[in-house]
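# Structure at a glance
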Amino acid sequence: MDEPLLDVRDLSMSWPSAERPVLRNVSLRVRSGEFVAILGANGSGKTTFLKCIVRLVTPESGSILVAGQQMAGLTGAGLQRARRNVALISQSANLVKRRSVVANVATGSLGRRPEWWTSAGALPQSELELASRYLQTVGLEHLGTQRAATLSGGQAQRVAIARALAQQPQVLLADEPVANLDPEAADDILHLLRRLAREDGLAVCCVLHQPDLAIAYADRVVGFSDGSVAFDAVSSAVSQAMVDSLYRSEPAA
Ligand SMILES: Nc1ncnc2c1ncn2[C@@H]1O[C@H](COP(=O)(O)OP(=O)(O)O)[C@@H](O)[C@H]1O
Ligand SMILES: [Mg+2]
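Residues numbered from 1 in each chain as written. Chains lettered and ligands numbered in written order. Predicted model: local features only at pLDDT ≥ 70, side-chain atom pairs only at ≥ 80, totals over all residues. Heavy atoms only, no water.

## Thoughts on the sheet that holds strand β10 (residues 228-234)
Sheet strands associate in pairs through backbone hydrogen bonding, adopting either a parallel or an antiparallel arrangement. Inclusion rule: At least two bridges found by DSSP between two strands is the condition for calling them paired. Each helix corresponds to a stretch of at least 4 residues labelled H or I by DSSP, and each strand to a stretch of at least 2 residues labelled E; elements are numbered beginning at the N terminus. A fitted line through C-alpha atoms represents every axis, and for helices the fit uses only the stretch in contact; the resulting angles, taken between N-to-C directions, go from 0 to 180 degrees.
The strand order β6-β7-β8-β3-β9-β10 describes an open sheet built from six strands, whose pairing is mixed. Every other strand in the sheet has two partners, leaving β6 (86-89) and β10 as the edge strands with one partner each. The sheet shows a mean angle of 20° between the axes of neighbouring strands, direction not considered. Pairing analysis gives five bridges linking strand β7 (residues 171-175) to strand β8 (residues 203-207), with the strands arranged parallel. Paired with Leu 173 across the bridge in β8 is Cys 205.

## What to know about the site of ligand 1
Here is the rule: Distances are taken per atom, and a residue is near a molecule or strand as soon as one of its heavy atoms is within 4 Å of it. In protein, a polar contact requires one atom able to donate a hydrogen and another able to accept it; more generally it is a pair of N or O atoms within 3.5 Å, and residues adjacent in sequence count only if both atoms are side-chain atoms. Only the protein chains shown count as cover for residues, and all accessible areas are computed by the Shrake-Rupley method using a 1.4 Å probe. Side-chain classes follow a simple rule in which Ala, Val, Leu, Ile, Met, Phe, Trp, Tyr, Cys and Pro form the nonpolar group, Asp, Glu, Lys and Arg form the charged group, and the remainder, Gly included, forms the polar group.
Taken together, Trp 15, Val 22, Ala 41, Asn 42, Gly 43, Ser 44, Gly 45, Lys 46, Thr 47 and Thr 48 make up the full set of residues near ligand 1. Between Gly 45 and ligand 1, the recorded distance is 3.0 Å, taken from a backbone N or O atom to an oxygen atom. Isolated, ligand 1 exposes 560 Å² of accessible area, and the fraction of that covered by the protein chains is 55%. Across the shell around ligand 1, the residue classes tally to three nonpolar, six polar and one charged.

## A look at helix α1 (residues 46-53)
Turn by turn, an α-helix covers 3.6 residues, leaving residues three or four places apart pointing in a common direction. Put simply, the rule reads: For every residue, the accessible area obtained with a 1.4 Å probe (protein chains only) is divided by the maximum for its type, and the residue is called buried under 20%, exposed over 50%, and partly exposed between those limits.
Counting buried positions along α1 gives six out of eight residues, so the element sits mostly inside the fold. Listing the buried residues of α1 in full gives Lys 46, Thr 48, Phe 49, Leu 50, Cys 52 and Ile 53. Remark: Arg 55 follows α1 within two positions and exhibits a positive phi of approximately 60°.

## As for the side chain of Asn 104
Our working rule: Only heavy atoms enter the contact rule, under which two residues are in contact if any of them lie within 4.5 Å.
Along the polypeptide, Asn 104 turns up in helix α3 (residues 101-106). A polar atom in the side chain of Asn 104 sits 2.7 Å from the backbone nitrogen of Val 96. If near-sequence neighbours (up to four positions away) are discounted, Asn 104 is found in contact with Leu 95, Val 96, Arg 99, Ala 148, Val 159 and Arg 163.

Take it as geometry only, folks, not as evidence of what the structure does.
See the structure below:
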């Protein structure tokens, strides 16, 4: 069997000044071609977990292998290089609204470029062509010249995915990528993420708020509870009781 592209072991982390650790010995593996969903109540540590993987925050202990490369102890140029293998998309697409769709996608490849290039301003033709290819992957090649401000929520999220792909990562992380979308657009995005796993061999790990969508789309569902993994199961084995156990302590909205 292939080594997992994402292999997190015993990850622990505390926010300064917090009484309790936010992550406690979290382990999670995602192989090439797999789509794993994370479920959990608000505050259970899902976002912190993804931020640890891309090293926006520094874990206290544990191991984070991305495509075989240890991310946990890296700093500086070594960290910059290793980060190219993993992309994180979030709830809001965070596009530069006044720029064209294709230019937004092309910025995803900046992580692969030397610094002098990123400060040079205009994007070379070769990068724009590459960006158009990723727009095609997400089904939006016809919108390349349009300003990002004109897109619907679902289209903007597709562009964010194309931008992540332009980084050419092997691991794709998504933090509630469909939270702001209507049900139809949410289905489209989850279809796309699953296809990127199945057809392109990415390891996809996606935080979702809707258990039914997680079970419908993911190969495996991992339940987070109070900073720990409560369960890690193939989707067909996830019961209502398992889901309910995650949300029992969630404060009423
Ligand atoms: N920057 C921060 N500083 C201190 N505490 C934080 C910070 N970000 C999140 N937390 C705390 O960490 C816990 C987990 O948050 P988070 O990872 O965002 O959970 P989730 O994504 O599951 O809702 C929460 O108690 C939250 O208040
Ligand atoms: Mg969150």
